[in-house]
Amino acid sequence: MSTRHAGVWIRKVAASMVSVRSVALSCLVVLGFVVACGKDSPPGPVDPPDASVPEQCDGGGAARCGGACVNTEVDPVHCGGCDNACASGQSCEAGVCVSRCQIDGQQVDSGAVNAANACEQCVPETSATTWTQRADGTQCASGQVCSAGVCGPKCFIDGVLHAEGEPNPANPCQACLPATSTTQWSARGSIPLLVGGADITAQGWTVVPQSPYSLTYGADYVRLETSTNTGARTSGQLLLSKANAIDGTKPFKLQVTMQVESASRHNQLDSGAAILGSFTPTVGNSVDRAQMIYLDSAAIGWADDTQSAAFSVVDGAYHVYELSVDAAKVATVSIDGVAKLTRNNFTTNGNIAIGDQTNDPNVDGVTRIKSVELLCP
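Everything quoted here is computed from the prediction, not taken from an experiment. (Residues numbered from 1 in each chain as written. Predicted model: local features only at pLDDT ≥ 70, side-chain atom pairs only at ≥ 80, totals over all residues. Heavy atoms only, no water.)

## Observations regarding the overall build of the protein
Looking only at helices and strands, the protein has two helices and 31 strands in total. The buried share of the protein, taken over its 377 residues, is 38%. The long-range share in the protein, meaning contacts at least 24 apart out of those at least 6 apart in sequence, stands at 52%. Carbon together with sulfur atoms contributes 54% to the accessible area of the protein, which is approximately 20,500 Å² in total. (Helix = DSSP H or I, 4+ residues; strand = E, 2+ residues; numbered from the N terminus. Buried < 20%, exposed > 50% of the residue type's maximum accessible area, 1.4 Å probe, protein only. Contact = heavy atoms within 4.5 Å. Areas by Shrake-Rupley, 256 points an atom, 1.4 Å probe, with all protein chains shown as cover.)

## What about the nonpolar core?
Within the largest apolar cluster, 41 residues are counted, with the highest numbers of intra-cluster contacts made by Leu 193, Trp 205, Ile 300, Tyr 321, Leu 323, Ile 369 and Val 372. At six residues, strand β22 (residues 252–263) tops the list of elements feeding residues into this core. When residues no more than four places from it in sequence are discounted, the contact partners of Leu 323 are Phe 252, Lys 253, Leu 254, Gly 277, Ile 293, Trp 302, Ala 331, Thr 332, Val 333 and Phe 346. Membership of the second largest hydrophobic core comes to eight residues, among which are Val 208, Phe 279, Met 292 and Ala 353. (Core = buried A, V, L, I, M, F, W, Y, C linked by side-chain atoms within 4.5 Å.)

## Details of the pattern of salt bridges
The full count for this structure, using the stated rule, is nine salt bridges. Notably, a salt bridge pairs Lys 370 with Asp 220, separated by 3.7 Å at the nearest N-O pair. Of the two residues, Lys 370 is situated in strand β31 (residues 365–375) and Asp 220 in the loop between β19 (213–217) and β20 (222–226); the sequence distance between them amounts to 150 residues. Owing to a relative accessible area of 28%, Lys 370 belongs among the partly exposed residues under this scheme. Salt bridges sharing partners connect three or more residues here, namely Arg 223, Glu 225, Glu 261 and Arg 368. (Salt bridge = Lys/Arg side-chain N within 4 Å of Asp/Glu carboxyl O.)

## Details of the sheet that holds strand β16 (residues 186–187)
Here we have three strands laid out as an open sheet, ordered β14-β15-β16, and antiparallel in their pairing. On the outer flanks of this sheet lie β14 (167–168) and β16, each paired with one strand and no other. Where strand β15 (residues 171–175) meets β16, two bridges bridge the pair, whose relative direction is antiparallel. By the bridge assignment, Ala 175 is partnered in β16 with Ser 186. (Pairing = 2+ DSSP bridges.)

## Topic: the environment of Ala 85
Looking at where Ala 85 falls in the secondary structure, it is placed in the loop between β2 (68–71) and β3 (90–93). A relative accessible area of 51% means that Ala 85 is categorised as exposed. Once residues lying within four places of it in the same chain are set aside, the contact partners of Ala 85 are Pro 76, Val 77 and Cys 97.

## Description of the state of the cysteines
Summed over the entire model, instances satisfying the criterion amount to nine disulfides. Sulfur-sulfur distance for the disulfide between Cys 86 and Cys 97 comes to 2.1 Å. Disulfide Cys 86-Cys 97: torsion about the S-S bond near -90°, hence left-handed. With Cys 86 in the loop between β2 and β3 and Cys 97 in strand β4 (residues 96–103), this residue pair connects regions lying eleven residues apart in the sequence. (Disulfide = S-S within 2.5 Å.)

## A word on the sheet that holds strand β23 (residues 274–276)
Spatial ordering of the open sheet is given by β18-β21-β30-β23-β24-β25-β26, a layout of seven strands whose pairing is antiparallel. A single partner strand is all that each edge strand has here, and the edge strands are β18 (206–210) and β26 (308–310). Taking each pair of neighbouring strands and ignoring which way they run, the sheet shows an average axis angle of 15°. Across three bridges, strand β24 (residues 293–295) lies against strand β25 (residues 299–302) in antiparallel orientation. Within β25, the position partnered with Tyr 294 by the bridge is Gly 301. (Axes fitted to C-alpha atoms, helices over the stretch in contact; angles between N-to-C directions.)

## Focus on the confidence of the model for the protein
Across the protein, pLDDT averages 88, with 85% of residues at or above 70. Overall, residues 1–40 carries pLDDT values under 50, and its contacts beyond four positions in sequence, including any with other chains, amount to one contact. (pLDDT = per-residue confidence, 0-100.)

## Quick look at the side chain of Ser 190
Its place among the elements puts Ser 190 in strand β17 (residues 190–195). On the basis of relative accessible area, Ser 190 is assigned to the buried category, the value being 14%. A polar contact of 2.8 Å, which involves the side chain of Ser 190, links it to the side chain of Glu 373. Not counting chain neighbours up to four residues away, the residues in contact with Ser 190 comprise Glu 373, Leu 374, Leu 375 and Cys 376. (Polar contact = N/O pair within 3.5 Å; in protein donor to acceptor, adjacent residues only side chain to side chain.)

## Thoughts on the pairing of strand β29 (residues 338–343)
Direction of pairing for strand β28 (residues 331–335) relative to β29: antiparallel, over a ladder of five bridges. Of the residues in β29, the one forming a bridge with Ser 334 is Ala 339. Turn length for the β28-β29 hairpin, with the two strands adjacent in sequence and antiparallel, is two residues, and the turn residue Asp 336 shows positive phi of about 55°.

## Quick look at unusual backbone geometry
Looking along the chain, the bond that leaves Ser 211 and enters Pro 212 is cis, with omega of 0°. Relative to the elements of secondary structure, Pro 212 occurs in the loop between β18 and β19. The omega torsion across Pro 281 and Thr 282 is 10°, close enough to zero to call that bond cis. Following the sequence through the fold, Thr 282 ends up in the loop between β23 and α2 (286–290). One non-glycine residue, Ala 94, lies in the positive phi region at around 55°. Looking at the element boundaries, Ala 94 is found in the loop between β3 and β4. For Asn 345, which is not glycine, the phi torsion reads 55° and is therefore positive.

Okay, structure coming up:
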């Protein structure tokens, strides 16, 4: 082959190779595009949310309030719904505002009673941080009510507090007896006129004295003692009297529980140990003294000596002496429930007296009075 022909052939071959290379490159480009098209496309731009559609909150009780998601089941600012705020001292439970107290670091339910004081309770409306006193008259225990924050045996009747044993002003045979009722007056068996061991003047009694005498107190009694000085023409006198103790227009029963330590023999209308169901100061008038009950060492009787009964008065024991007057003005005197004396037409001015009624020399007595009671019908 000539040199000219060889050069032509080489140029043809080179051109063919360029053509083949171009085709190959073209195929690679096309193949790459195809492969690329087979893959996921990159994410496109995200559209902004539609402001007209509110964002949803997930979870039970969740709601969108004030631009934020809140739990209206427990949120005290949005309790049960947006902007439904609980008051001070309240918490939100199950979508409801519930009152609470925070006392000594403890959460306390509204209305709960203080375990250490039944007259205090949680009242958040009054105080959410301290116990609040319960109203006077609130029942706080059996037979007890609240008074100034303290639980005790009292009565709360018609809006007024009454101390235990206090009588009904309209009926002395009724009293505040908390063990029976704290809301109503209770019937009682007797009206105490004198309680031994307590100051008698504070109980409404008046002392009628003449020396020599002594008046002393024991744990449950008041002791009266009189004597006569040697050669004296008069003796000591000591009476305890109480005005308006009984209603003389009605039947009554007067009981005196006393012990006669010693007693001289009486003189007619005079006695060193006596019970007077009617009394006119200072020693009783003639009617008072005639129907007076005298107590000698071994007998009891009417001081006008119309009737007497043997009895061991000075035996070192307490006895219950009862003067009972019925609607017909018949009086009966009993000792420990046993009738000893009777008389008709007994009259009284309502005053009573007990003790040494006379200043006759050597007519003296020593008595201990434990109680004086007016029995209720």
